Amino acid sequence: MKEIRLMKGNEAIAEGVIRAGCDGYFGYPITPQSEVLEYLMANKTKERTGMIVLQAESEIASIHMVYGGAASGKRVMTSSSSPGISLMQEGISFMAGTELPCLLLNVVRGGPGLGTIQPSQSDYFQAVKGGGHGDYKMIVLAPASVQEMYDFAKLGFELAFKHRIQVMVLSDGAIGQMMEKVELDEQVPRWTDEEIVKLHPWSTTGKTPDRERNIITSLDLNPVKQEIINRNLQKKFKHIEETEVRFERIMCDDAEYLFVAYGSSARICQKAVSLGRAKGIKVGLLRPITLFPYPSKELEKLAKQVKGMLSVEMSAGQMVEDVRLSVNGAVPVEHYGRLGGIIPAPDEVLNVLEEKFIKENLLCKTH
Amino acid sequence: MTEEIIIAGFGGQGVLSMGKILAYSGMMQNKEVSWFPSYGPEMRGGTANVTVIISDERISSPILNWFDTAIILNQQSMDKFENSVKKGGILIYDPNGITRHPVRTNINIYTINAADESARMGSAKVFNMIILGAFLKLKPLIGAEYMRKGLEKSLPARHHDMIPENEKAIDIGKSLVKQTYTLN
Amino acid sequence: MQDTLTDAQICQPENMVYCRTALMTQAPLSYCPGCGHGTAHRLIMEVIEEMKMQANTIGVAPVGCSVLAYDFLDIDMQQAAHGRAPAVATGIKRLYPDKFVFTYQGDGDLAAIGTGETIHACNRGENITIFFVNNGIYGMTGGQMAPTTLPGMKTATSPFGRDTETMGHPLKITELIANLPGTYFVSRQSVHTPANVRKAKKAIEKAIQYQKLNKGLNFVEIVSNCNSGWKMTPLESNKWMEENMFPFYPLGDIKVPK
Ligand SMILES: Cc1ncc(C[n+]2csc(CCOP(=O)(O)OP(=O)(O)O)c2C)c(N)n1
Ligand code: SF4
Ligand SMILES: [Mg+2]
């Protein structure tokens, strides 16, 4: 039988990375995710698996430590919340330019500025459209439960190394702070140094006579070469868009109206779906699990079936742009969001859906 | 079965840990559970609350604005959550320190004198277990053996010697809870 | 009989007094003629070669004139963002405690934008080695004022000389980090004369050797010229360095193990 525990989202991902064979964590405290570093420290990872955990002097230092560790072929990560992730954009861009794998966790809080420590989803653009400089994308995973916080540690490292890309787990204060049941799996062993040399021949582990020297750099002063480098990056992102889309359909088969929501908003919409169904409204939920790559094709399909889509986010309307791009005008797409750390309630979002689509439709019919 | 509960009071009354023990025990009994706290500076000395859901099915929203049961431990929380109890639901409160008692007529209302009783027992620490007992009397969702397992899991090993005292407090809570308003 | 020797006759092993360092690549150095960066590169590579440490070495290149150091040094290297090399090296060294990990940084990189990373890596006693080339100017971007620019010194962004009242004072970061318990060996050298090169090489040897002891961070500053940025000939720049830089940044060991 699998081991089960009641854990906070932040603890679950910390346990998840240990069990996924993570080699190094570098981070700096910030609410609402400090439990990650605290949990790792309390768990004596050095003794447990050999994993290194270091509290850095800033998020800037953290991300560059990750950059160093990633270049040497190890499984490394950092975690932070919105203001800290802003500081990390430089290092993330360097990792994008050097195609280094790593796991990043953003437990989003409301902004802009110091904002609030309450949950928010207002860092969608930053995560999905490339927050730092240059043309790049990361894979973005959006957990909607504590179990997924745990699971996405392992999945995140797998995807990161499969595509040599940065994987961001885009969570929020609600998922980070809440406790749910988590099923834990077996410890994945950390790679040995010999395995790393074999598995990741590109890594800077010391030049041995049997190979050329390895250089990790994003610099090429020749624009012609730089264009080729960039085109190859784009090819990789395209490939990821074709192969790594993940989503969950909830009550979509006969849906006439659709919520589109990720993370904690998806949980709220899931409840709204059952409230709506109880009232006889045929409503479903599409929950994107990967935000990049985005489940555009699935939404395009659903646009042929439903009469309207409501994108529910704890933001002023960020993901809704991707929903609109996906359906390309085929059906009306509306946005509903709460800001500043306020979490909408299930009946609140259902009311909005009714107001925006169903009541309006009635009006249209009477006129 | 799905039971949606809010527990609200002052930070330091054991609100969060009561919720955690309840959630852990539910999980030991193979239920789906979620525990969603208020967090951050809000909690320093101020009010603390936690939403606990225990269900036979996958839990959708861990965040709610209507509850089957509200357990209320200070006036601020009474003001905030009295109206969040679903029609026909229950409200349990400790009258100690409450200046404005609940007035709803479409719910069942109970009191539990946990502050007095824990003072009598000479242990402020069992306050929240007495409250929990009152809840379990009214909503016997979790068997005693699972409550014990929940206590074992949620208390650090060095406090395991206190489990019998906690169990006793739960029993006292069960016997002390009083109905003050009955919905017909 | 010939009265002059042919090239082939001269190029005999017994006549060899100096050769290209094997761990320098064939790529021509991109530095201005007369610049100290090239000599500093060569010394570090010589020592790594002599210690047979190539397979065990990971270097971190900065942003600055030496941004392309990895083109010249035949070892595994990673390019870091401006100022972040000590953090990058920390990440590597923590995961590979048995490798020799070093950074090579300029004064703008190490003592301005990267001050935080520098001080904290030193203060944590990271077992890395930092080579710090202090030329008192931002060479790469065209000669702007650096944190180490001397009072009164003219640069592109202090065209009337560094006015300490409004532009602050030159930062003696090496003395500063020598005071931290996390540093083990701290030395200041130069590479502008053969005698100084020999001394600098000794310091570099120590800074590399000592990393094996795991006693903390080893740090060698090389006070160097930037003839282009200073707008001087190489010879003038060396003279100016002796007369102006050395009095403010005196050469010698600053912190030695007891
Ligand atoms: C974030 C960032 N800011 C500014 C620059 C531009 N820049 C490149 S090199 C440099 C100064 C380098 O000076 P120094 O470290 O003294 O090295 P030197 O060229 O003198 O050897 C600056 C400001 C940059 N690359 N990145
Ligand atoms: S600009 Fe200065 S530091 Fe840069 S290569 Fe030229 S002389 Fe050297
Ligand atoms: Mg310089």
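What counts and what doesn't
Residues numbered from 1 in each chain as written. Chains lettered and ligands numbered in written order. Predicted model: local features only at pLDDT ≥ 70, side-chain atom pairs only at ≥ 80, totals over all residues. Heavy atoms only, no water. Helix = DSSP H or I, 4+ residues; strand = E, 2+ residues; numbered from the N terminus. Rg over C-alpha atoms; globule rule 2.2 N^0.38 Å. Buried < 20%, exposed > 50% of the residue type's maximum accessible area, 1.4 Å probe, protein only. Contact = heavy atoms within 4.5 Å. Areas by Shrake-Rupley, 256 points an atom, 1.4 Å probe, with all protein chains shown as cover. Lys, Arg positive; Asp, Glu negative; His and termini not counted. Charge placed at Lys NZ, Arg CZ, Asp CG, Glu CD. Buried area = accessible area lost by both parts, 1.4 Å probe. Salt bridge = Lys/Arg side-chain N within 4 Å of Asp/Glu carboxyl O. Nonpolar A, V, L, I, M, F, W, Y, C, P; charged D, E, K, R; others polar. Pairing = 2+ DSSP bridges. Core = buried A, V, L, I, M, F, W, Y, C linked by side-chain atoms within 4.5 Å. Domains from an automatic or database assignment. Donors = N, O, S within 2.8 Å, 3.2 Å for Na, K, Ca; no water. Near = heavy atom within 4 Å.

Caption draft 1: View of the overall build of chain A. Within chain A, the regular secondary structure consists of 15 helices and 15 strands. Relative to the globule expectation of 21 Å for 367 residues, the C-alpha radius of gyration of chain A, 21 Å, shows essentially globular dimensions. In terms of principal-axis extent, the alpha carbons of chain A reach across some 80 × 50 × 40 Å. Within chain A, the proportion of its 367 residues that are buried is 63%. The long-range share in chain A, meaning contacts at least 24 apart out of those at least 6 apart in sequence, stands at 78%. Within the structure as shown, chain A displays about 13,800 Å² of accessible surface, and the carbon and sulfur contribution to it stands at 53%. When the 43 basic and 46 acidic side-chain charges of chain A are each reduced to a single mean position, those positions are 3 Å apart.

Caption draft 2: Representation of the interface of chain A and chain B within the structure. Counting residues at the interface gives 26 residues for chain A, matched by 26 residues for chain B. Counting each side, the surface lost to burial between chain A and chain B is near 2,200 Å², with a carbon and sulfur contribution of 60%. For the chain A face of the interface with chain B, the top three residues by lost area are L6, M179 and K181 of chain A, together amounting to 28%. For the pair chain A and chain B, the interface holds three salt bridges. When residues of the side of chain A that touches chain B are traced back to their parent elements, those giving at least two are β1 (3-8), α9 (173-177), β8 (179-184), β10 (247-250), α12 (263-278) and α15 (346-366) of chain A. Grouping the constituent residues of the side of chain A that touches chain B by class yields 13 nonpolar, five polar and eight charged. Of the pairings in the sheet, the one linking β8 of chain A to strand β2 (residues 32-37) of chain B comprises two bridges and is antiparallel in character. Residue pairing for β2 of chain B: M179 of chain A is matched across the bridge by W35 of chain B.

Caption draft 3: Structural view of the nonpolar core. Within the largest apolar cluster, 149 residues are counted, with the highest numbers of intra-cluster contacts made by F259 and M309 of chain A. Residue assignment places this core across two domains, with domain 1 (3-194) and domain 2 (248-366) of chain A each supplying three or more. Each residue touching F259 of chain A, except ones within four places of it in the same chain, is listed here: C269, A272, V273, V283, G284, L285, L286, L310, V312, V349, L350 and L353 of chain A. Residues A114, I130, I131 and V177 of chain B belong to the second largest nonpolar core, which totals 41 residues.

Caption draft 4: How the structure looks around the coordination of the magnesium ion (ligand 3). Residues and elements named next belong to chain C. Those protein atoms acting as donors to the magnesium ion (ligand 3) are D107 (OD), N135 (OD1) and I137 (O), and they sit at 2.0 to 2.1 Å. Donor residues for the magnesium ion (ligand 3) sit on one chain with the sequence pattern D-x27-N-x1-I. You can see D107 sitting in helix α5 (residues 107-113) and its partner I137 sitting in strand β5 (residues 137-138), a full 30 residues away along the chain. Each member of the pair, D107 as well as I137, carries the same accessibility label: buried.

Caption draft 5: A look at unusual backbone geometry. In this chain, T31 of chain A is followed by P32 of chain A through a cis amide linkage whose omega measures 5°. With respect to the helices and strands, P32 of chain A occurs in the loop between β2 (24-27) and α2 (35-42). Even without a glycine there, the phi angle at E99 of chain A is positive, about 55°. Residue position: E99 of chain A is located in the loop between α6 (89-98) and β5 (102-108). Of note, the phi angle at N30 of chain B is positive, near 70°, even though the residue is not glycine. Relative to the helices and strands, N30 of chain B is located in the loop between α1 (15-28) and β2.

Caption draft 6: Summary view of the site of ligand 2. As a structural note, the neighbourhood of ligand 2 is formed by Y31, C32, C35, H37, C65, N135, G139, C226, N227 and S228 of chain C. Within the shell around ligand 2, the residues separate by chemical class into five nonpolar, five polar and no charged.

Caption draft 7: Spotlight on the interface of chain C and chain A. Counting residues at the interface gives 33 residues for chain C and 36 residues for chain A. In total, about 2,800 Å² of surface goes out of reach between chain C and chain A, with carbon and sulfur atoms giving 59% of it. Counting every contact that joins chain C to chain A gives three salt bridges. In this structure, the salt-bridge partner of E90 of chain A is R84 of chain C, at a minimum N-O distance of 2.8 Å. The greatest single-element share of the side of chain C that touches chain A, amounting to seven residues, is contributed by helix α4 (residues 85-95) of chain C. For the side of chain C that touches chain A, the residue count by class is 15 nonpolar, nine polar and nine charged. Strand direction decides the pairing type here: strand β9 (residues 215-216) of chain A and strand β2 (residues 76-79) of chain C, joined by two bridges, are parallel.

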